[in-house]
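# Descriptive structure summary
Each chain, written out:
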Amino acid sequence: GGPAAQHAALCVASQHHEGQEEGDRRKGGRRLRRRHGRPAESAESDRAAEAQGWNHGRQRRRAGRKTQNRSKSHLSTLNQLKNMSVLVYVENVGGKFKKSTFEVVSYSKAIADKLNTELVAISIGDVAQEDLSSLGKYGATKVLHITSEKLKSFINQAYASVIAEAAKSVHATAIVLANSFSGKGLAPRIAVKLEAGLADGAVELPNIENGLFSIKKTAFSGKAFALVEISSAIKVITLNPNSYPIK
């Protein structure tokens, strides 16, 4: 029972008391953490909100991609429209253009305006530059002049091949000719080469809607009229003489 024993007892008691305090602090800390921690239901709500937010973000990203794809598609369509043209074959007799030639150029220009595109004329054979330039007065923005020793004489198949190739090179969506003797021979051949729809003997401008051409034409040797529809990507049309005014 000496001082050393009392000191030892005090140390033990002190350590025991400190141990109790430390234990109490840990318990208190755990109780404190439990008090301030979020309940299980709240944690589940957080996870649900996080999942919902992720889903909404994914939906927004998908919507953004769809909008971007639609924009690209629209731009592609606009670019295709910009590259299109209307091609008109301008027939000459002895190197000179007749009245029917200027009629068909004026008619073709009106179609090009409906399609919001340019009109390209093609002439085969020897024609003076002055006469070729005059086509611009009737709406032609470009003139293709093809000359060759092999093309000095009119041959349906040869001329049809030249016109079809020209149509491909200018991305023509419509090819127009006069419904003359030559035009009647050329038009069906050109249509076959281009896998195009054909309306021969047109007497009015086509009604154009969503790429569909509705055209009034003569039928039964000119004794009646018919309305034909062409839905193909490329159309070939021949215009009856005196059916459209020169403009």
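My aim in this report is to walk through the structure given alongside it, one point at a time. For every chain, the first residue of the written sequence is number 1, and numbering continues from 1 onward in sequence order. For this predicted model, a pLDDT threshold of at least 70 governs which residues receive local features, and a threshold of 80 or more governs which side-chain atom pairs are given and counted, while totals over whole chains, interfaces and linings are taken from all residues. Excluding hydrogens and water, the side-chain values take into account all heavy atoms of the structure.

## Some remarks on the overall build of the protein chain
What counts, and what does not: For helices the rule is a DSSP run of H or I covering at least 4 residues; for strands it is a run of E covering at least 2, with both sets numbered from the N terminus onward. Only protein chains enter the accessibility calculation, which uses a 1.4 Å probe; a residue whose area is less than 20% of its type maximum is buried, one above 50% is exposed, and one in between is partly exposed. Note on contacts: a residue pair qualifies if any of its non-hydrogen atoms lie within 4.5 Å across the two residues. Computed with a 1.4 Å probe, the accessible areas rest on the Shrake-Rupley method; for each residue, only the protein chains presented here act as cover.
Helix and strand counts for the protein chain stand at six helices and eleven strands. Buried residues in the protein chain amount to 35% of all 247 residues. In the protein chain, the proportion of contacts linking residues at least 24 apart, taken out of those at least 6 apart, comes to 65%. Taken as a whole, the protein chain presents about 15,400 Å² of accessible surface, with 52% of it coming from carbon and sulfur.

## Focus: the pairing of strand S9 (residues 212-219)
For clarity, the cut-off: Should DSSP find at least two bridges between two strands, the strands are regarded as paired.
Burial analysis of S9 places six of its eight residues in the buried class, which makes it a mostly covered element. Sheet analysis places strand S8 (residues 207-209) next to S9, joined by three bridges and oriented antiparallel. Across the sheet, the residue bridging to asparagine 207 is serine 214, located in S9. Remark: two residues form the turn of the hairpin made by S8 and S9, two consecutive strands paired antiparallel; asparagine 210 in that turn has positive phi of roughly 55°. Note that S9 and strand S10 (residues 224-230) share seven bridges and pair antiparallel. Each bridged residue has a counterpart across the sheet, and for isoleucine 215 the counterpart in S10 is valine 228. Hairpin geometry of S9 and S10 is characterised by an intervening segment of four residues between the two adjacent antiparallel strands and by a positive phi of about 55° at phenylalanine 220.

## Structural notes on the side chain of threonine 218
Position of threonine 218 among the secondary structure elements: in strand S9. Discounting chain neighbours no more than four positions away, the residues touching threonine 218 are Gly201, Val203, Ala224, Phe225 and Asn240.

## Topic: the pattern of salt bridges
So the rule is basically this: Salt bridge, as applied in this entry: a Lys or Arg side-chain nitrogen positioned within 4 Å of an Asp or Glu carboxyl oxygen.
All told, the structure shown has eight salt bridges when counted by the stated rule. In this structure, the salt-bridge partner of lysine 168 is glutamate 165, at a minimum N-O distance of 3.5 Å. On the criterion of helical spacing, the pair formed by lysine 168 and glutamate 165 is a turn pair, its members being three residues apart in helix H5 (residues 156-169). Residue glutamate 165 is classed as partly exposed on the basis of its relative accessible area of 48%. For glutamate 204, the salt bridge is made with lysine 216, and the minimal N-O distance between the two is 3.7 Å. With glutamate 204 in the loop between strand S7 (197-202) and S8 and lysine 216 in strand S9, the pair connects residues that are twelve residues apart, well separated along the chain. Residue classification places glutamate 204 among the partly exposed residues on the basis of a relative accessible area of 39%.

## A closer look at the environment of valine 236
With respect to the helices and strands, the residue valine 236 is situated in strand S11 (residues 235-239). Residue class for valine 236 comes out buried when judged on its relative accessible area of 0%. Apart from residues lying up to four places away in sequence, valine 236 is in contact with Ile175, Leu177, Ala187, Ile190, Ala191, Ala196, Gly197, Leu198, Ala199 and Ile230.

## A look at the packing of aromatic side chains
Describing an aromatic ring pair means giving the distance of the ring centres and the angle of the ring planes. What counts is decided by this rule: The criterion for an aromatic pair is that two Phe, Tyr or Trp rings (for Trp, the six-membered ring) have centres within 6.5 Å, with stacked assigned to planes under 30 degrees apart, edge-to-face to planes over 60 apart and tilted to the rest. Whether a charge lies above a ring is judged from NZ of Lys or CZ of Arg, which has to be within 6 Å of the ring centre and within 35 degrees of the ring normal.
This structure, assessed with the given rule, holds four aromatic pairs. Pairing phenylalanine 97 with phenylalanine 102 gives two aromatic rings, centres 6.3 Å apart and planes at 80°, and the pair type is edge-to-face. Comparing phenylalanine 97 with phenylalanine 102, the two get one shared label, buried. A ring pair is formed by phenylalanine 154 and tyrosine 159, whose centres lie 4.9 Å apart and whose planes are at 75°; its orientation type is edge-to-face. Relative accessible area serves as the criterion here: at 33%, phenylalanine 154 is assigned to the partly exposed category. Linked through ring pairs, Phe97, Phe102 and Tyr138 together constitute an aromatic cluster. Of note, lysine 216 hangs over the ring of phenylalanine 225, and the distance from its end group to the ring centre comes to 4.6 Å.

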